[in-house]
Amino acid sequence: MNLFFSETDKMCQVISEEYHLLQLMSRFGISLGFGERTVREVCEEHGVDVATFLAVANFIKGGEHTAAYFIDKVSVRALISYLEQAHAYFLDFQLPEMRRKLLSAIAFDNDTTQVPILIMKFFDEFYGEVRNHMQSENRRTFPYVEALLEGRLSETYNISMYSRNHDAIDKRLQELKNIIIKYYKSGKDTQRLSSALFDIFNCESELHVHNAIEDYLFVPAVKLLEECVRTQTHSDTPAPDPERRDDTLSEREKEIVGCVVRGMSNKEIAEKLFISVNTVLTHRKNIARKLAIRSVSGLTIYAIVNGIVNIDEIDLK
Ligand SMILES: [Fe+2]
Ligand SMILES: [Fe+2]
């Protein structure tokens, strides 16, 4: 798939090409001053998951069709953190700022109608709806997904329920903008009103993208996670962990490496660890994939170097 941005691009060029990505910096906790460093280097320096950063960056630039490529690559945890930061930005900064500007723009006119009051009422209702929407995600949806990441399913909630009820919060802003443009008669101070309207257009588009990231990236990634947890819950076969894309072995996998290099058969390992032979085979497959080592002699070197076994435990003949 042709992506707009990749991990080897220089971060400064990425931002110059799409200035809307500046929002990502605070939401991912990345400070400016990138120098010549690449996206990967900057993300690693700030402890940000590179795939998740690229997923959001490409989405903002290219829209929803870029999401499919990243669904099985993003870190759901990193995505939640990004969405929470975005909520804080909308609720604590952008919307209060918009309200202040709008109030100052319409208060400057000697309007004898009730339209300015109704506009502010409309805005406050919209603000309340956005607050409820985002707080519900912060308080219900994200904690549900956090529990999922720890392997716990819920009997009363799932991501499809969230998805079915996920409203497009930008729509009401579109209405407000149209009401002002069509029905509000501005006085002399049109600059203030234009500036307030410009902010509304901007916010509408940011909210639209935010919602779309939740619909096209977050929801499908959580569905994958749900499948993964369900598989784990109903079988002793270790399922692929979507948050675990690195080469680090789990404690269980290390145990199995230890058994293999001590010369134990799959059946002996299964009996020792109280698991099925099939489970041992799946672990061995995962170990081979993670380490790119298939031979026992290769695993032996790995086990010695990483302190999984002592050299005197190994029969080197
Ligand atoms: Fe949200
Ligand atoms: Fe949402």
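Going along each chain's sequence as written, the residues are numbered from 1 onward. Whichever chain is written first is A, and whichever ligand is written first is 1; the rest continue in order. Local features in this predicted model are restricted to residues of pLDDT 70 or higher, and side-chain atom pairs are both shown and tallied only at a pLDDT of 80 or more, whereas totals for entire chains, interfaces and linings draw on every residue. As a convention, hydrogens and water are excluded, and side-chain values are obtained from all of the structure's heavy atoms.

## Details of the environment of Tyr183
Take Tyr183: it is sitting in helix H9 (residues 171-183). The exposure class of Tyr183 is exposed, given its relative accessible area of 55%. Put simply, Tyr183 and Glu41 are 142 residues apart on the chain and 51 Å apart in space, counted from C-alpha to C-alpha. The contact rule is simple, with two residues in contact once any of their heavy atoms fall within 4.5 Å. The residues contacting Tyr183, other than those within four sequence positions of it, are Val115 and Asn178. Secondary structure elements follow DSSP: runs of H or I of four or more residues count as helices, runs of E of two or more count as strands, with numbering from the N terminus. Accessible area is worked out with a 1.4 Å probe on protein chains only. A residue is then buried under 20% of its type maximum, exposed over 50%, and partly exposed in between.

## Let's talk about helix H12 (residues 266-273)
The set of residues buried in H12 consists of Ile269, Ala270 and Leu273. Around the axis of H12, the buried residues are gathered within 100 degrees of arc, so they sit on the same side. Against the buried residues of H12 lie helix H11 (251-261) and helix H13 (277-291). Phi turns positive, to about 55 degrees, at Phe274, one or two residues after H12. An arc is given here, and it is the one of the directions from the helix axis to the C-beta atoms.

## Concerning the confidence of the model for the protein chain
Note on scores: pLDDT gives the predictor's confidence for each residue, bounded by 0 and 100. Chain-level statistics for the protein chain give a pLDDT mean of 86 and a share of 91% at 70 or above. When mean pLDDT is taken per element in the protein chain, helix H4 (residues 50-62) scores highest with 94 and helix H14 (residues 296-305) scores lowest with 78.

## Points about the coordination of the iron ion (ligand 1)
In an ideal tetrahedron of four donors about a metal, each angle is 109.5 degrees. In an ideal octahedron of six donors, the angles are 90 or 180 degrees. Nitrogen, oxygen and sulfur within 2.8 Å of a metal are treated as its donors, or within 3.2 Å for sodium, potassium and calcium (Na, K, Ca); water is not counted, so a site can appear incomplete. Looking at the iron ion (ligand 1), one finds its protein donor set to be His87 (NE2), Glu137 (OE), His210 (NE2) and Glu214 (OE), positioned 1.9 to 2.2 Å from the metal centre. Taken together, the 4 donor atoms coordinating the iron ion (ligand 1) and their angles of 85 to 173 degrees define a geometry best described as irregular. Taken as an interatomic distance, the gap from the iron ion (ligand 1) to the iron ion (ligand 2) is 3.2 Å; Glu137 donates to each of them. Taken together, the positions of His87 in helix H6 (residues 76-107) and Glu214 in helix H10 (residues 190-234) put the pair 127 residues apart, joining distant regions of the chain. Across this residue pair, the class does not change: His87 and Glu214 are buried. In this scheme the shape depends on donor count and angles: four donors with every angle between 85 and 135 degrees give tetrahedral, four or six donors with opposite pairs above 155 degrees and others between 65 and 115 give square planar or octahedral in turn, and any other case is irregular.

## As for the pattern of salt bridges
Where charged atoms of side chains with opposite charge meet at close range, the side chains can pair. For salt bridges, the criterion is a side-chain nitrogen of Lys or Arg within 4 Å of an Asp or Glu carboxyl oxygen. Considering all chains together, one arrives at 21 salt bridges under this definition. Put simply, Lys73 and Asp72 hold a salt bridge, and the shortest N to O gap is 3.4 Å. Note that Glu255 and Arg252 form a salt bridge whose closest N and O atoms lie 3.3 Å from each other. You can see Glu255 and its partner Arg252 sitting in helix H11, 3 residues apart, about one turn around the helix.

## Topic: the packing of helix H7 (residues 115-149) against H9
Working convention: axes come from line fits to C-alpha atoms, limited for helices to the stretch in contact. Angles between N-to-C directions cover 0 to 180 degrees. Their axes nearest at 10 Å, the elements H7 and H9 cross at an angle of 170 degrees. Here H9 runs roughly antiparallel to H7, going by the angle between their axes. Along its contact with H7, which presents Val115, Ile119, Phe122, Phe123, Glu125, Phe126 and Glu129, the element H9 presents Arg172, Leu173, Glu175, Leu176, Ile179, Ile180 and Tyr183. Residues are grouped as follows: Ala, Val, Leu, Ile, Met, Phe, Trp, Tyr, Cys and Pro are nonpolar; Asp, Glu, Lys and Arg are charged; every other residue, Gly included, is polar. Its residues assigned to classes, the contact of H7 with H9 shows 10 nonpolar, no polar and 4 charged. Note that the term roughly parallel is reserved for angles under 35 degrees, roughly antiparallel for angles over 145, roughly perpendicular for angles of 65 to 115, and oblique for everything else.

## Digging into the nonpolar core
Side-chain atoms within 4.5 Å are what join buried Ala, Val, Leu, Ile, Met, Phe, Trp, Tyr and Cys residues into a set we call a nonpolar core. Membership of the largest hydrophobic core comes to 48 residues, with the highest contact counts inside it found for Leu24, Ile30, Phe53 and Phe218. Among the elements that make up this core, the one with the highest residue count is H10 (9 residues). As used throughout, domain bounds are those supplied by an automatic or database domain assignment. Domain assignment of the residues forming this core places at least three in each of domain 1 (11-70) and domain 2 (76-234). In terms of nonpolar packing, the next biggest core, distinct from the first, is built from 27 residues, Phe126, Tyr184, Ala196 and Cys203 among them.

## Thoughts on unusual backbone geometry
Trans is the prevailing form of peptide bonds, just as negative phi is the prevailing case for residues other than glycine. Positive phi outside glycine occurs at Phe274, with the angle close to 55 degrees. Tracing the backbone shows Phe274 in the loop between H12 and H13.

## Observations concerning the coordination of the iron ion (ligand 2)
Protein-derived coordination of the iron ion (ligand 2) comes from His133 (NE2), Glu137 (OE), His166 (NE2) and Glu214 (OE), at a distance range of 2.0 to 2.2 Å. Geometry at the iron ion (ligand 2) is irregular, judged from its 4 donor atoms and the angles of 85 to 167 degrees they form at the metal. Linear spacing of the donor residues for the iron ion (ligand 2) on their chain is H-x3-E-x28-H-x47-E.

## Focus on the domain arrangement of the protein chain
Segmentation of the protein chain into domains returns domain 1 (11-70), domain 2 (76-234) and domain 3 (251-313). Each of domain 2 and domain 3 has a C-alpha centre, and these two points are 49 Å apart.

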